[in-house]
Amino acid sequence: MPQNQLTEREMLYDSIMTEKYVSDAYNNTVMESANQNIIQALQHIQQEEQNHAQLFFEAMHHRGWYTVEAAHPSQAAKQEVDQQISNQMQNRRQELEQKVQHQG
């Protein structure tokens with residue numbers, strides 16, 4: 001193999017890393033957009049990028065090049081995550097209600 005040529009494994013890994021970066025960029029842009037049409041278009045593109053990353057992951061995982069450990073969260077950890085999500089949702093709802101009151 002020529003010295004400067006990437007292996008299949010390296011190309012797949014690079015592709016996954018690129019898709020993660022691109023998806024993160026779309027995520028940030030969606031969070032900072034005010035136009036609902038733009039948000040929906042970006043979310044659609046972001047989902048396509050995530051689907052590509054999933055395909056690359058599956059190809060690597062199938063070949064044994066990308067291994068993951070199974071998660072076994074405890075019940076306490078699950079409850080903690082649920083509580084954090086609930087708190088975040090409540091805080092976000094309050095922020096939105098305050099924003100609506102200030103606009104009205």
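As shown above, the structure is provided for reference.
Residues numbered from 1 in each chain as written. Predicted model: local features only at pLDDT ≥ 70, side-chain atom pairs only at ≥ 80, totals over all residues. Heavy atoms only, no water.

S.K.: Residue-level account of the overall build of the chain, with values.
M.R.: A count of helical and extended segments in the chain gives 3 helices and 0 strands. Tracing the chain from N to C terminus, the helices and strands come up as α-α-α. Against the compact-globule benchmark of 13 Å for 104 residues, the chain has a radius of gyration of 20 Å, which places it well outside the compact range. Relative to its full complement of 104 residues, the chain shows a buried share of 12%. Here the contacts in the chain between residues at least 6 apart in sequence split such that 56% fall between residues at least 24 apart. Put simply, the chain shows about 8,900 Å² of open surface, and 50% of that area lies on carbon and sulfur atoms. (Helix = DSSP H or I, 4+ residues; strand = E, 2+ residues; numbered from the N terminus. Rg over C-alpha atoms; globule rule 2.2 N^0.38 Å. Buried < 20%, exposed > 50% of the residue type's maximum accessible area, 1.4 Å probe, protein only. Contact = heavy atoms within 4.5 Å. Areas by Shrake-Rupley, 256 points an atom, 1.4 Å probe, with all protein chains shown as cover.)

S.K.: Any chance you could break down the pattern of salt bridges for me, citing the residues and the numbers?
M.R.: Taken as a whole and assessed by the stated rule, the structure comprises 2 salt bridges. A salt bridge links Arg63 to Glu8, with the nearest nitrogen and oxygen atoms 3.1 Å apart. Of this pair, Arg63 sits in the loop between helix H2 (36-62) and helix H3 (75-103) while Glu8 sits in helix H1 (residues 8-31), and the two are 55 residues apart along the sequence. With relative accessibility at 41%, the residue Glu8 sits in the partly exposed group. In this structure, Arg92 engages Glu95 in a salt bridge whose closest nitrogen and oxygen atoms are separated by 3.5 Å. Of the two residues, Arg92 and Glu95 both sit in helix H3, 3 residues apart, roughly one turn of that helix. Relative accessible area serves as the criterion here: at 45%, Glu95 is assigned to the partly exposed category. (Salt bridge = Lys/Arg side-chain N within 4 Å of Asp/Glu carboxyl O.)

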